[in-house]
Amino acid sequence: MALLSDRDQQEIRQQFAGLTGQVTLINFTQELGCHYCRDTERLMKEVAELSDKIRLEVYNLQIDRDKAAQFQVDKVPATVVMGVKDYGIRFYGIPMGHEFSAFLGAIQDVSRGTTDLSPESRSLVSGISQPVRLQVFSTPT
Amino acid sequence: MRLATQLAVESDQITADLVEITEFPQLAQRYQVRAVPRTLVNETSIEGALPESEYVKAVVAAAQKS
């Protein structure tokens, strides 16, 4: 059975109709000791099938170590959401529940290469000149 | 959560890790996450979900501290 219902798929397909630029989802997984890896990979496949603008690459954290190092991924399941460039967006764990809308939003933003943030927010952020790592912790419900 | 990814798109200096904490309990312990959502800006914490303008100001302020 699919993780996304027919109705979900239909709604997401409509949202993705507005995608302009190519999006690459890079999923890191492993066979053992990862409770949600299989479902996360399945979810990514289902999402990627909803638009021809989305491409999915799947790597094994234990085997594809060069790729893991390249994307600075050290735990699984992990998914990098990339547009024309790597914006530094990583989802750790299966992005369901609250995280799912953030995940869909991230796909749309990296596709456009811009966001709906206000001019004030953008202006404030443009003043940041040092690397900043945001880590947002959440639960599915 | 969405704000964090939006900031990463808008600034080359910002990266955003969204962590589903029940799958990574060791991180919950390490960063003493007791309530969600919780944002760590480098090592400074922002508690709860804030409106855009407050969140962005808090991120910028925390970034200047570190």
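Source: prediction; values computed, not measured.

Help me understand the overall build of chain A in this model?
A tally of helices and strands in chain A yields five helices and five strands. Along chain A, from the amino end to the carboxyl end, the secondary structure elements read α-β-α-β-α-β-β-α-α-β. Overall, chain A is about 45 × 35 × 30 Å in size when its C-alpha atoms are taken along their principal axes. The proportion of buried residues among the 141 residues of chain A is 37%.

Just to check I follow, could you spell out the sheet that holds strand 5 (residues 132–138) of chain A for this structure?
The strands that make up a sheet pair up through hydrogen bonds in the backbone, lying either parallel or antiparallel. Across the sheet, eight strands lie side by side as 2(A)-1(A)-3(A)-4(A)-1(B)-5(A)-2(B)-3(B); this open sheet has mixed pairing. Lying at the two open borders of the sheet, with one neighbouring strand each, are strand 2 (54–60) of chain A together with strand 3 (44–47) of chain B. Strand-to-strand twist of the sheet, defined as the mean angle between neighbouring strand axes without regard to direction, takes the value 20°. Sheet strands in contact with helix 1 (residues 2–10) of chain B are strand 4 (89–92) and strand 5 of chain A together with strand 1 (14–20) and strand 2 (38–41) of chain B, and its direction is about 155° off that of strand 1 of chain B. Its contacts with the sheet put helix 3 (residues 52–65) of chain B on strand 5 of chain A together with strand 2 and strand 3 of chain B, and the angle it makes with strand 3 of chain B is roughly 165°.

Mind showing me how you'd approach the interface of chain B and chain A here?
You'll often see interface size given as the accessible area lost when the parts meet. Of the residues lining the interface, 39 residues belong to chain B; the matching set on chain A comes to 41 residues. Looking at the side of chain B that touches chain A, the elements with two or more residues in it are helix 1, strand 1, strand 2 and helix 3 of chain B. The dominant element in the side of chain B that touches chain A, judged by the number of residues it contributes, is helix 1 of chain B, at eight residues. Across the side of chain B that touches chain A, the residue classes tally to 22 nonpolar, nine polar and eight charged. Of the strand pairs in this sheet, strand 5 of chain A and strand 2 of chain B are connected by four bridges, and their pairing is antiparallel. Residue pairing for strand 2 of chain B: A:Gln135 is matched across the bridge by B:Leu40.

When you look at helix 3 of chain B in this model, what are you seeing that I'm missing?
The periodicity of an α-helix, 3.6 residues per turn, causes residues three or four places apart in sequence to face the same way. Compared with the 20 Å implied by 1.5 Å per residue over 14 residues, the 20 Å span of helix 3 of chain B between its first and last C-alpha is a close match. If you check which residues of helix 3 of chain B are buried, you get B:Val56, B:Val59 and B:Ala63. Along helix 3 of chain B, the residues classed as buried sweep out an arc of 60° about the axis, all on the same side. The exposed residues of helix 3 of chain B that point more than 90 degrees off its buried face are B:Glu54 and B:Lys65. The inward-facing, buried residues of helix 3 of chain B contact helix 5 (119–126) and strand 5 of chain A together with helix 1 and strand 2 of chain B.

How should I be thinking about the environment of A:Phe103 in this particular structure?
All names here are of chain A. Examined against the element boundaries, Phe103 turns out to sit in helix 4 (residues 98–112). Look at Phe103 and you get buried, because 24 C-beta atoms sit within 10 Å. C-alpha separation for the pair Phe103 and Met44, spaced 59 residues apart in sequence, amounts to 11 Å. Excluding anything up to four places from it in sequence, Phe103 contacts Phe91 and Pro95.

Before we go on, may I ask you to explain the packing of helix 4 of chain A against helix 1 of chain B in this structure?
Between two packed helices, what matters for the description is the angle formed by their axes and the separation of those axes. Where helix 4 of chain A meets helix 1 of chain B, the axes come as close as 9 Å, and the angle between the chain directions of the two elements is 15°. The orientation of helix 4 of chain A relative to helix 1 of chain B falls into the category roughly parallel. Like other packed secondary-structure pairs, helix 4 of chain A and helix 1 of chain B cross with a definite hand, here right-handed. For the pair helix 4 of chain A and helix 1 of chain B, contact is made by A:Ala102, A:Gly105, A:Ala106, A:Asp109 and A:Val110 and by B:Arg2, B:Thr5, B:Gln6 and B:Val9, respectively.

Calculation notes
- Residues numbered from 1 in each chain as written.
- Chains lettered and ligands numbered in written order.
- Predicted model: local features only at pLDDT ≥ 70, side-chain atom pairs only at ≥ 80, totals over all residues.
- Helix = DSSP H or I, 4+ residues; strand = E, 2+ residues; numbered from the N terminus.
- Buried ≥ 20, exposed ≤ 12 C-beta atoms within 10 Å, placed from the backbone.
- Pairing = 2+ DSSP bridges.
- Axes fitted to C-alpha atoms, helices over the stretch in contact; angles between N-to-C directions.
- Contact = placed C-beta atoms within 7 Å.
- Nonpolar A, V, L, I, M, F, W, Y, C, P; charged D, E, K, R; others polar.
- Expected span 1.5 Å × (residues − 1).
- Arc of directions from axis to C-beta.
- Parallel < 35°, antiparallel > 145°, perpendicular 65-115°, else oblique.
- Left-handed = near helix turned anticlockwise from the far one by under 90°.

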